[in-house]
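Architecture at a glance
For reference, the chains in residue letters:
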Amino acid sequence: MRSNLGFFSDEKFRSIFFQTLVIGLFALGIFFIVNTTAYNLEKRNIATGWSFLQNPAGFDISFSPFLEFKSTDTHLKVYFVGVLNTLLVSITGCIAATILGFLLGIIRLSSNWLLSRLVYIYVEFSRNVPLLLQIILWYSILIQLPRVKQSLQFLDVFYISNRGLYSPRPIFESGFSYVLIAIVLALVSSFLINRWAKKRQDKTGQQFPVFFSSIGLIFVVPLILFFILGSPMSFEHPELKGFNFKGGLVIRPEFIAMFLALSIYTAAFISEIVRAGIMSVSKGQREASAAIGLKQTWIMRLIIIPQALRVIVPPLTSQYLNLTKNSSLGIAVGYADLVHGFGGISLNQTGQAIECMVIVMATYLTISLTISFFMNIYNRSIQFKEK
Amino acid sequence: MGNFELNKSIIWINLLIWYREAIFEKRYLNNYLNGENNMKKLLSIFAVVAFAFSAHAGTLDDVKNRGFLKCGVTTGLAGFAAPDDSGEWAGLDADMCRAVAVAVFGDRSKVEFITTTGKSRFPTLASGEVDMLARNTTWTISRDVNLGFEFVGVNFYDGQGFMIPSALGVSSATELDGATVCIQTGTTTELNLADFFRLNGISYEALPIETNDEGKENLFAGRCDVYTTDASGLSSTRAAASDPDKWVVLPEIISKEPLGPLVRHGDHQWGDVVRWSLNAMIIAEELGITSENVDAQMSSNVPEVLRLLGVEGNYGEMLELSNDWAYQIIKQIGNYSESYEANVGPDTPLEIARGLNALWTQGGILYAPPFR
């Protein structure tokens, strides 16, 4: 029997043989798809190539807070506006979801029956209703706000209507750069003070009021400098002119709807992760730290959270990734993100679906891998240091 | 022959199978001696080769084999393509679809209407998911050439306009400085809009929307001041408002929007069927043939009438249709004028006068090549 099979009876050979076969078939499949696509594109006279990136877009994007965009700009610029808008809603969403998630996760564990039940209802509701519906719900609510002519007014400078939230825009005059430098210096020195204080505490046991001294450095010092320099900043107030408010800063309802829906939806998951993390720290830890007389807040901050973080961070990373990818749902409410602008309008105006989709996918991949990379570094830094 | 590469590989696989059978099977010897069986096998190979080369038949054959037409329409634009009270698709574009179904099958019900958005319409057509589009689609060079489609004619001459609440007291589009404009993405109107405001040196904020319904919702809620799309679409939207008098369509028409049915580039036979289904309706109006008098016209003494209705000549056969195809279109759908008046004309909620869409003999630019 063995002699009939020859090479095939060799386990190593068999293993390599089948692996090669699978890779070969896979490569063949890819080749076939690419080949057929290229062939059919050419057959149907559909343009290919990347030169369209340099062509003028021809349409306008109204939500571009970081770059000035005109209809004569290129599709490449449409791409950059989209990336920035995607990053904007993702980053703000991640920050808000983390803060909200941590708070809710802790509240969920509180002994207050009503509070923990309320959080329970919130979590079960928002993680079990499709995100798309939540985005549309928030948007529908926001466009039912008063019309622009009947805007709600707060403190004489904020205006809320279904066109968004208008607020004064700070205009920095010459001299303000000194204030910025002061803030940067303050941040650096707070960081150094923190390190020094830790070392000193390790050595001598003496504590230093790091928190208050940092607050003083970061806020009070630049503020004093600001007034000494004669307040080198003014505000541009929004004014109702014709159809819309002119001037000022505006936050659009499309952005608000995305921000609210994404952060509330993701916070529900994060709160469960946080709860699991805290519960993973054994009860003995808490009791032991109480026994040596630590304050309740210190127990949480110094004993529980650092240990819980080891459990929290890996699933937290995937929540950040989810939130970033979910931001592509902005298309449902016309939020001008990457998928809507470049992967939608540019794609449709140029007809170059494959190129646009490849770029959009590669971009999401890059953003996600970057998030993973930094979260992995952070994760390593909080793990037990085994010596 | 779109799947030429695939078909080639099918041939090779078949050849391989036959070769293996021929070499390894014991029957081989008998067959060889016998001769007759071998011949059969050879024939079967020819059949396979022939099949592979003819597998990608024309759209007309595909439609005939399937038994119904797949026609891409809007997601609902009253007067052009929208389900009526009984759930039947009705409108100028819907009639276009039905006319083609009648030409192919002699039955106006043999259509499946497939809804497409401004964005999905082209991929839907290019991928073969629909046989044709009759979806308020503007004929432009880039769509005709670069996207690989074939516009077969124009069934509605339109232009882009603006609709605004009458309470705002605006009388011209040049007064729209700073306005928020609702605009359907992925359309020619989006590009025209940018050009118009740039040309006039005024600013605006675009609010991108996907469908006409979304546009309506945002306009009626006041999220945008102005809605811009083809003037016909505006009339349709206005007609759907709870109080149409509260809305005005501004006088400016800022673009040429010849809307027409389109098919995939390269299938000329199918393109001809759709093109002449449309032309037949226009020619019928020219010749004064209506759904009511079409039977009487069968005994007309005008040669072109007799050619159109299939009494004389074999134009139907040329198109690989039955010879009474045009008769059936007129009988079951009506001529262009009948379709127009029933769906978008002055007596409908849309109240669009014939204007450019009148026959060339009546001050419009509707013109079909002669039927001969």
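Residues numbered from 1 in each chain as written. Chains lettered and ligands numbered in written order. Predicted model: local features only at pLDDT ≥ 70, side-chain atom pairs only at ≥ 80, totals over all residues.

Here the focus is the nonpolar core. One finds Ile135(A), Ala257(A), Met258(A), Ala261(A), Val181(B), Cys182(B) and Val226(B) to be the most contacted residues of the largest nonpolar core, which totals 84 residues. Here this core gets 15 residues from one element, more than from any other, and that element is helix α8 (residues 253–280) of chain A. Ignoring sequence-local partners within four residues, the contact set of Cys182(B) consists of Leu207(B), Ile209(B), Gly215(B), Asn218(B), Leu219(B), Cys224(B), Val226(B) and Tyr227(B). One finds Cys71(B), Trp89(B), Val130(B) and Val305(B) within the second-largest nonpolar core, a separate group that totals 71 residues. (Core = buried A, V, L, I, M, F, W, Y, C linked by C-beta atoms within 7 Å. Buried ≥ 20, exposed ≤ 12 C-beta atoms within 10 Å, placed from the backbone. Helix = DSSP H or I, 4+ residues; strand = E, 2+ residues; numbered from the N terminus. Contact = placed C-beta atoms within 7 Å.)

Right, let's talk about the domain arrangement of chain A for a bit. Segmenting chain A into domains produces domain 1 (2–43) and domain 2 (75–146 + 252–382). The C-alpha-based centres of domain 1 of chain A and domain 2 of chain A are spaced at 41 Å. (Domains from an automatic or database assignment.)

Looking now at the interface of chain A and chain B. Listed per partner, the contact involves 33 residues of chain A and 31 residues of chain B. Secondary structure elements with two or more residues in the side of chain A that touches chain B: α2 (11–43), β7 (244–246) and α11 (338–350) of chain A. Among the residues making up the side of chain A that touches chain B, the classes are represented as nine nonpolar, 17 polar and seven charged. (Nonpolar A, V, L, I, M, F, W, Y, C, P; charged D, E, K, R; others polar.)

For the rest of this paragraph, the subject is unusual backbone geometry. Residues and elements named next belong to chain B. At Glu 320, a position not held by glycine, the phi torsion is positive, near 60°. Within the element layout of this structure, Glu 320 appears in the loop between α14 (315–318) and α15 (325–332). The class for Glu 320 is partly exposed, based on 16 C-beta atoms found within 10 Å. Backbone geometry places Glu 351, a non-glycine residue, at a positive phi of 50°. Residue placement: Glu 351 occurs in the segment after α16 (336–343). On the basis of neighbour count, Glu 351 is assigned to the partly exposed category, with 14 C-beta atoms found within 10 Å.

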